[in-house]
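# Fold and contact review
The lines below spell out each chain.
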Amino acid sequence: CQGHVDVQLPSGQIRPTSLNVLTIADSGERKSATDSLVCAPIYDHDRVAAEAHDEAMIDYLSDLDVWELTDACLKKHLRKAFEAEQDMEPHLEENRRHARRKPCKPKHNRIIFENTTERPLLEALQGEGSSIALLSDEADIVLKSGAMRNMGMLNKVWSGASSLPVDRMDGIAPITNPRMTVSLMVQEGAFSDFQSKRGGAARDSGHFARYLLSWPESTQGYRFASLDEPTWHHLRAFHHRVGELLAESPKRRTVLTFSTEAKEHWANTLNQMEPNLREGAPLRSIRDFASKSMEISCRLAALLHHFAQLEGTVISLESLQRAMAFVDWYFRSYYEIFGDHAGAGPEMKHYRLVWNYLKSRYADRWRPYAPKALVKKNGPVRREDFEEVLERLVMEGHVRVVHLSSASGKSSAWLHLNLKAFGAQPQLHQAPPR
């Protein structure tokens, strides 16, 4: 939809409908399977575009060979005229006309870019109003790439910059009014590694504040097989609408606005939230995302309106409320990952991060035993801070450190969680790991 519509915020600014999404989930959580199901029409579009591009490249290279041969001959004539001290103007004019006839390299009209670096993204965004998506279900490569080292560029694209500076990028044509959606799926360990190295920059630059970020609970152990034939009724309808959008080639984007009732609701919600961003207030620790959340809600409301083919260009109060409900879920997720008690120091922040990590990934799933080394490696705080947090958890009776031997006789440290202290009640008896 980002290539078809923009949205005018109730405050007056016109913004893209692009979204940034980051999902943290370990291997085996069906990230790739979900991606291939949902995005199938887009992958089909890119396959057809790749075939057309290959054909266009054959014609381009053939035309370029002829052009270069002609160019060499014209330069030879020009040199001879120069050496003979003849009038060069006719030769120069012919060279100018020939230069204007140089074949243009065909643009690959693909949408999805995966595991890429900064330059291919900028090349894809060349021209007026290009619309692409950076998608990856193994985003650790993206997090380590040059694309994520230039967060300022990604922020400008998200914010709808009218142009991008590409002065230092040889061969990159001007970029105006670009649109780019980002959807990254990354494993816990890779995200923790990124956090320890570049997480501070991602927060300080406001980059993470632009993401709908989630760390959903695992469903492994509860995905029971069924021999019933899946109907996929809603998925087919979804694919059909995506196909319609891909087939359209709008010359300019439509700007969607909000109804008076929707504007009033947006303003009231914003005014209720704003005092909670002050020093010492509940949302102070995640004020970066809170400040962007109202704009993200507007973008999502515009997407719902356009995708559902609702009548007109005015977004209703109902569509805005639905969008806010979506964003509210991500709001809680962002707080779980980055939030903290107001005014708390780094020690309390580390404590809450580890406590929430153990609760969501072990206690809430009735898993009272966690490998210490694994929690230390993949957990939300740096390893040197983890031992201090663990000492406090032990002192408060939330955790015991036990040493268990494997069949080979090798001993390893495990965290035995007090499930009641974490607010979870085990429903099944679970013996300690052997």
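These notes cover the structure that comes with them.

Parameters at a glance
- Residues numbered from 1 in each chain as written.
- Predicted model: local features only at pLDDT ≥ 70, side-chain atom pairs only at ≥ 80, totals over all residues.
- Heavy atoms only, no water.
- Helix = DSSP H or I, 4+ residues; strand = E, 2+ residues; numbered from the N terminus.
- Pairing = 2+ DSSP bridges.
- Buried < 20%, exposed > 50% of the residue type's maximum accessible area, 1.4 Å probe, protein only.
- Contact = heavy atoms within 4.5 Å.
- Axes fitted to C-alpha atoms, helices over the stretch in contact; angles between N-to-C directions.
- Parallel < 35°, antiparallel > 145°, perpendicular 65-115°, else oblique.
- Left-handed = near helix turned anticlockwise from the far one by under 90°.
- Nonpolar A, V, L, I, M, F, W, Y, C, P; charged D, E, K, R; others polar.

## Digging into unusual backbone geometry
A positive phi angle is found at arginine 30, which is not glycine, with a value near 70°. Following the sequence through the fold, arginine 30 ends up in the loop between strand S3 (20–24) and helix H1 (31–38).

## What to know about the sheet that holds strand S9 (residues 179–186)
Across the sheet, which stays open at both edges, the five strands sit in the order S4-S6-S9-S3-S10 with parallel pairing between neighbours. In the strand order of this sheet, the two ends are held by strand S4 (112–113) and strand S10 (211–214), each with one partner. Bridging between S3 and S10 involves four bridges; their strand directions are parallel. Bridging across to S10, asparagine 20 finds its partner in tyrosine 211.

## Quick word on the environment of serine 297
Its place among the elements puts serine 297 in helix H11 (residues 287–307). For serine 297, a relative accessible area of 3% corresponds to the buried category. Remark: the alpha-carbon pair of serine 297 and phenylalanine 326, spanning 29 residues in sequence, is separated by 8.1 Å. Residues contacting serine 297, with those up to four places away along its chain left out, are Leu320, Ala323, Met324 and Val327.

## As for the packing of helix H10 (residues 260–273) against helix H12 (residues 317–338)
At a minimum axis distance of 8 Å, the contact between H10 and H12 shows a crossing angle of 30°. As the angle between them shows, H10 and H12 are arranged roughly parallel. The handedness of the crossing between H10 and H12 comes out as right-handed. Taken together, the residues of H12 that come into contact with H10 (itself represented by Glu261, Ala262, His265, Trp266, Thr269 and Met273) are Leu317, Leu320, Gln321, Met324 and Phe331. Across the contact of H10 with H12, the residue classes tally to seven nonpolar, three polar and one charged.

## Let's talk about the sheet that holds strand S14 (residues 399–405)
Spatial ordering of the open sheet is given by S13-S15-S14, a layout of three strands whose pairing is antiparallel. Whereas interior strands pair on both sides, the edge strands pair on one side only; in this sheet they are strand S13 (369–371) and S14. Averaged over all neighbouring strand pairs, the angle between strand axes comes to 35°, with direction disregarded. Here S13 pairs with strand S15 (residues 411–417) via three bridges, running antiparallel. Of the residues in S15, the one forming a bridge with tyrosine 369 is histidine 416.

## Looking at the pairing of S3
Side-chain positions along a regular strand alternate between the two faces of the sheet. By the criterion of burial, S3 is predominantly enclosed, with five of the five residues buried. Burial along S3 is two-sided: the residues Asn20, Leu22 and Ile24 and Val21 and Thr23 are all buried. The pairing of S3 with S9 spans five bridges and is classified as parallel. Of the residues in S9, the one forming a bridge with asparagine 20 is valine 182.

Function-wise, these values are silent; they only describe arrangement.
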